[in-house]
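Spelled out from the first residue to the last, the chains are:
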Amino acid sequence: MSRSTTRRWALAWNDGGVKGLRPRFGGGQPPKLTPQQWNELCDVLKEEQP
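All values derive from a computational prediction rather than experimental measurement.

Caption draft 1: Just the overall build of the protein, in detail. From N to C terminus, the protein includes two helices and zero strands. Taking the principal axes of the C-alpha coordinates as reference, the protein spans close to 35 × 25 × 20 Å. Put simply, the protein has 50 residues, and 14% of those count as buried. Working note: accessible area of the protein is about 4,700 Å², and carbon and sulfur atoms make up 54% of it.

Right, dumping it as structure tokens:
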């Protein structure tokens, strides 16, 4: 994963939490994460917050 992608995700997280990470576009390629993987990622991110 590129540094710029990581930065965009961090900014999105800081601005909107989990909802900020949700895609805001229509169409395009399907998500690479399954719904279960997405939920697991969100749980990990929530646990890591101070």
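Caption draft 2: The arrangement of a negative patch on the surface in detail. A surface patch of negative charge is lined by Glu40, Asp43, Glu47 and Glu48. As for its placement among the helices and strands, glutamate 47 is situated in helix H2 (residues 35–48).

Caption draft 3: Up close: the side chain of threonine 5. Inspection of the secondary structure assignment puts threonine 5 in helix H1 (residues 3–21). By relative accessible area, threonine 5 is classed as buried at 18%. A distance of 2.9 Å separates a polar atom in the side chain of threonine 5 from a polar atom in the side chain of serine 2.

Caption draft 4: Fine view of H1. Compared with the 27 Å implied by 1.5 Å per residue over 19 residues, the 16 Å span of H1 between its first and last C-alpha is markedly short. Most pronounced at aspartate 15, the bend in H1 amounts to some 110 degrees. For H1, the set of buried residues is Thr5, Ala12, Trp13, Gly20 and Leu21. Where H1 is buried, its residues touch H2.

Caption draft 5: Fine view of the nonpolar core. Ala12, Trp13, Leu21, Trp38 and Cys42 form the largest nonpolar core, which has five residues in total. Elements represented by at least two residues in this core include exactly H1 and H2. With three residues, the top contributor of residues to this core is H1. Each residue touching tryptophan 13, except ones within four places of it in the same chain, is listed here: Val18, Leu21, Leu45, Lys46 and Gln49.

Calculation notes
- Residues numbered from 1 in each chain as written.
- Predicted model: local features only at pLDDT ≥ 70, side-chain atom pairs only at ≥ 80, totals over all residues.
- Heavy atoms only, no water.
- Helix = DSSP H or I, 4+ residues; strand = E, 2+ residues; numbered from the N terminus.
- Buried < 20%, exposed > 50% of the residue type's maximum accessible area, 1.4 Å probe, protein only.
- Areas by Shrake-Rupley, 256 points an atom, 1.4 Å probe, with all protein chains shown as cover.
- Patch = residues over 30% accessible without salt bridge, like charges linked within 9 Å, V, L, I, M, F, W, Y side chains within 5 Å.
- Salt bridge = Lys/Arg side-chain N within 4 Å of Asp/Glu carboxyl O.
- Lys, Arg positive; Asp, Glu negative; His and termini not counted.
- Charge placed at Lys NZ, Arg CZ, Asp CG, Glu CD.
- Polar contact = N/O pair within 3.5 Å; in protein donor to acceptor, adjacent residues only side chain to side chain.
- Expected span 1.5 Å × (residues − 1).
- Bend = angle between axes of the 7 residues up to and from the residue.
- Contact = heavy atoms within 4.5 Å.
- Core = buried A, V, L, I, M, F, W, Y, C linked by side-chain atoms within 4.5 Å.

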